[in-house]
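Geometric and topological summary
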Amino acid sequence: MSSFQAQLTPDTYYPSMNAEGNYVDVIPFNFNVVQGFYCPCRSRKEKICFTKKTTLSAHFKTNNHELWIASLNSNKHNYLVENEELKKLVESQKLQISEQAKVIDKQNFKITAQLNAIKSLNVMIEIYHKETDNDNCNSIDTLNQHNIYLIDFNFYVV
Ligand SMILES: [Zn+2]
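On a predicted model such as this, the values are computed, not experimentally measured, just so you know. Each chain carries its own residue numbering, running from 1 in the written order of its sequence. Two thresholds apply to this predicted model, a pLDDT of at least 70 for residue-level local features and 80 or more for giving and counting side-chain atom pairs, whereas whole-chain, interface and lining totals are computed over all residues.

**Topic: the overall build of the protein chain**
- Across its full length, the protein chain holds 5 helices and 4 strands.
- Burial status across the protein chain gives 4% buried among its 158 residues.
- Distance between backbone-placed C-beta atoms decides contact: two residues are in contact if it is within 7 Å. Of all intrachain contacts in the protein chain linking residues separated by at least 6 positions in sequence, the fraction that spans at least 24 positions is 51%. Numbering of helices and strands runs from the N terminus, with a helix taken as a DSSP run of H or I at least four residues long and a strand as a DSSP run of E at least two residues long. Exposure classification rests on a simple neighbour count of other C-beta atoms within 10 Å of a residue's own: a residue reaching 20 or more is buried, one at 12 or fewer is exposed, and one in between is partly exposed. C-beta atoms are placed from the backbone.

Here it is as structure tokens:
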């Protein structure tokens, strides 16, 4: 087996729905021998990877699997209700994610503005040091000459 093949994880098998709306077993049309299929009728620990159509077919006839299909069919209505509830949950989570993205954009904008203000301050400090080293002039006058008061120090957080 090549390293590429070893990385493939088995697909999950799901039964199909017939014309009467019942779950029935059908060998998946895209059955991939290399990848194989797990059947969800078994617990996670007991999962077997079926890599042959014949062994998957034989599995369909086991008691455990037949009970699982019967359980799916008897709980169809519940699955429908659950599915609708999950759809609503997904929609509300999409909205929440979009709101969070807006908040993050806003914060990023503020951070960029603050970084720019810090850069400007560093430039002003450098100028101040140069000028005070050169002629020892009044520091407040030096800063005023370079319009340092125009820098926005309002680093408020909403
Ligand atoms: Zn099964």
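**Some details on the nonpolar core**
- Take the buried Ala, Val, Leu, Ile, Met, Phe, Trp, Tyr and Cys residues, join any whose C-beta atoms are within 7 Å, and the set you get is a nonpolar core. Listed in full, the 6 residues of the largest apolar core are Tyr 13, Phe 37, Cys 39, Cys 41, Phe 50 and Leu 56.
- Among all residues touching Cys 41, those that are not within four sequence positions of it are Asn 64, His 65 and Trp 68.

**Brief notes about the environment of Pro 15**
- Secondary-structure assignment places Pro 15 in the loop between β1 (11-12) and β2 (16-17).
- Along the sequence, Pro 15 and Val 26 sit 11 residues apart, while their C-alpha atoms lie 6.4 Å from each other.
- Excluding anything up to four places from it in sequence, Pro 15 contacts Tyr 23, Val 24, Asp 25, Ile 69 and Leu 72.

Everything listed here is a matter of coordinates, which is why it stays silent on function.
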